[in-house]
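Tertiary structure, described
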Amino acid sequence: MAGDVPYTASIQLLEEPRLLKLKKTFVSKFKSTPKFYARAPGRVNLIGEHIDYCGYAVLPMAIEQDILIAAEPLSIPVIHLANTNSSYLDFSTNANDIEINRTKPLWHNYFLCGFKGIKEHCSLDCPSGMNCLIEGTIPPSSGLSSSSALVCCAGLATLMANGKSLPKVELAELCSKSERYIGTEGGGMDQSICFLAEKGTAKLIEFNPLKATDVRLPEGAAFVIANSCVAMNKAATSHFNIRVMECRLATKLLAKSKGLDWKATTKLQDVQVKLKLSLEEMLAVVEEVFHPEPYSIEEIGGNLGISLKELRAEILSQNTQDVTTFKLYQRAKHVYSEAARVLQFKKICTEAPDDAVQLLGDLMNQSHASCKDLYECSCPELNQLVDICLQFGAVGSRLTGAGWGGCTVSMVPMDKLEKFLANVKEAYYKNSDHMLALEENSLFATNPGGGAMIFLEA
Ligand code: GLA
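Below you will find a few notes about this structure. Keep in mind that this is a model prediction, so the values were computed, not measured. (Residues numbered from 1 in each chain as written. Predicted model: local features only at pLDDT ≥ 70, side-chain atom pairs only at ≥ 80, totals over all residues. Heavy atoms only, no water.)

Take the sheet that holds strand β3 (residues 59-74) next. Pairing in this open sheet of seven strands is mixed, and the strands run β1-β15-β2-β3-β6-β4-β5 from one edge to the other. The sheet is open, and its two borders are formed by β1 (8-11) and β5 (91-94), each paired with just one other strand. On average, each strand axis in the sheet is inclined to that of its neighbour by 25°, with strand direction left out of account. Across five bridges, strand β4 (residues 78-83) lies against strand β6 (residues 129-136) in parallel orientation. The residue bridging Asn-83 from the neighbouring strand is Ile-134, located in β6. (Pairing = 2+ DSSP bridges. Helix = DSSP H or I, 4+ residues; strand = E, 2+ residues; numbered from the N terminus. Axes fitted to C-alpha atoms, helices over the stretch in contact; angles between N-to-C directions.)

The following block contains the structure:
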């Protein structure tokens, strides 16, 4: 069981030059030595986009890029944060007086989410203060989950600094909740894979209860991440939360139309479970219940028999209060079909038929089309990048993560990998707009990495 795998290891810093370097910078910054190091990886989602917050399973893997924190607990209740990247400014606060800025969140707010999550979960009346030096190698705003990795890493470091320990599953769940302090209504995929990842295997992540199952990827193919170089910070815009709200409203209307207790039904998966239908049957229900034209907020309120005031107060998030139209048909259709694709992907990986690579590639392509056309979470650059990747030999290519920018993930047969990388570099990055990005490692093949860890000096 993944929850039982320990996340604390002893390490000779000399054998880990990166930790040693971080230690040196810490010493010169804080004039004392770190007592431990916390590491939390980013992730790439192979398939299952925007369905975790609807209750459905997703299929990500951890990547090598990560957030690393060198930490020292303090006897006074003060948190000092510094970052090796000088564009992220130092920050200090009282550990008993945490304020998280939701409107324009700066980097340290993600740390504070993790800190606050542990403080509340473990009922720490007087949490330990901390000196922390943070280093990140996950490109920010790229759909590779740099913000969740920071939340998880901060949570893990806070836990350790306060002499506590928790099972990984519990940590994952509490970090998923605590990232919502920033205002985004994420579903839990990022924090779950961050803690539950294991080297060498992708994971099927199921929710309620949270569970991670190994998914062995086919040997003949590589997964390549390519950054579109369009930055997407999901906390800084309302794109993400609008989709979460559209799914929530679609849930309510479906439930109401089928005579269920709509107030008690919150996720699209709940509707399926309550109606005892297959995903295919749910797609037929979507066709029957919804019209493809966008719904006005008045129509939704009328349908549910509640006032607009009530609808806004009880269903919509803070940053979607002004939205007046919602696409319910398209969003629900994406969710139920994407949920089915995840299960097919897992099945193909398990059964490993001869044409597994082709079949998985087809599913990835269908997923991208659905994200682009039904969920409308792509952008022209991502679509162009997907086309280029397919043109140069990928069997499947799709946006990964929240979308509206960030990265694509492509499945490329091993024997084509080298040429693929060279050609994509030429076709996408050598055009002047994306030139700079090349130096920052925007195109790379990746293998499933391990989950979050604490390192103690041996
Ligand atoms: C973000 C969220 C996740 C998930 C993805 C889209 O990464 O944090 O919970 O919803 O977007 O699949």
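Its place among the elements puts Ala-402 in the loop between β12 (396-399) and β13 (407-413). The spacing of Ala-402 and Glu-418 is 16 residues in sequence and 28 Å in space, taken between C-alpha atoms. Sequence-distant contacts of Ala-402, defined by excluding residues within four places in its chain, comprise His-50, Lys-234, Phe-240 and Cys-377. (Contact = heavy atoms within 4.5 Å.)

Take the packing of helix α11 (residues 328-351) against helix α12 (residues 356-373) next. For the pair α11 and α12, interaxial distance at closest approach is 10 Å and the crossing angle is 165°. On the basis of their axis angle, the class for α11 and α12 is roughly antiparallel. The way α11 lies across α12 gives a crossing that is left-handed. When α11 is examined against α12, the residues His-334, Ser-337, Glu-338, Arg-341, Gln-344, Phe-345, Ile-348 and Cys-349 are found in contact with a partner set consisting of Ala-356, Leu-359, Leu-360, Leu-363, Met-364, Gln-366, Ser-367, Ser-370 and Cys-371. (Parallel < 35°, antiparallel > 145°, perpendicular 65-115°, else oblique. Left-handed = near helix turned anticlockwise from the far one by under 90°.)

Every one of the 14 residues lining the ligand counts as a neighbour, but Glu-49, His-50, Asp-52, Gly-187 and Asp-190 are closest to it. Gly-187 places a main-chain nitrogen or oxygen 2.9 Å from an oxygen atom of the ligand. In the complex, 98% of the free accessible area of the ligand, which totals 300 Å², lies under the protein chains. Tallied by class, residues from the shell around the ligand come to four nonpolar, five polar and five charged. (Near = heavy atom within 4 Å. Polar contact = N/O pair within 3.5 Å; in protein donor to acceptor, adjacent residues only side chain to side chain. Areas by Shrake-Rupley, 256 points an atom, 1.4 Å probe, with all protein chains shown as cover. Nonpolar A, V, L, I, M, F, W, Y, C, P; charged D, E, K, R; others polar.)

The next point concerns the pattern of salt bridges. Throughout the structure, instances matching the rule amount to 23 salt bridges. Note that Glu-457 is salt-bridged to Lys-23, the shortest N-O span being 3.1 Å. Placement of the pair is Glu-457 in strand β15 (residues 453-457) and Lys-23 in helix α1 (residues 17-30), with a sequence separation of 434 residues. For Glu-457, a relative accessible area of 38% puts it in the partly exposed group. Residues Arg-398 and Glu-338 are paired through a salt bridge, measuring 4.0 Å at the closest nitrogen-oxygen approach. Of this pair, Arg-398 sits in strand β12 while Glu-338 sits in helix α11, and the two are 60 residues apart along the sequence. Both residues of the pair, Arg-398 and Glu-338, belong to the buried class. Counted as one network, the salt bridges with shared partners bring together Arg-243, Glu-246, Lys-327, Arg-331 and Glu-376. (Salt bridge = Lys/Arg side-chain N within 4 Å of Asp/Glu carboxyl O. Buried < 20%, exposed > 50% of the residue type's maximum accessible area, 1.4 Å probe, protein only.)

Time to look at the environment of Met-364. Turning to its location among the elements, Met-364 is positioned in helix α12. Once the C-alpha coordinates of Met-364 and Lys-119 are considered, the two residues, 245 residues apart in sequence, prove to be 40 Å apart. Setting aside chain neighbours within four positions, we find Met-364 in contact with Leu-46, Ile-47, Phe-223, Phe-345, Gly-396, Ser-397, Arg-398, Val-409, Ser-410 and Met-411.

Honestly, that's just the spatial picture; any functional story needs more than this.
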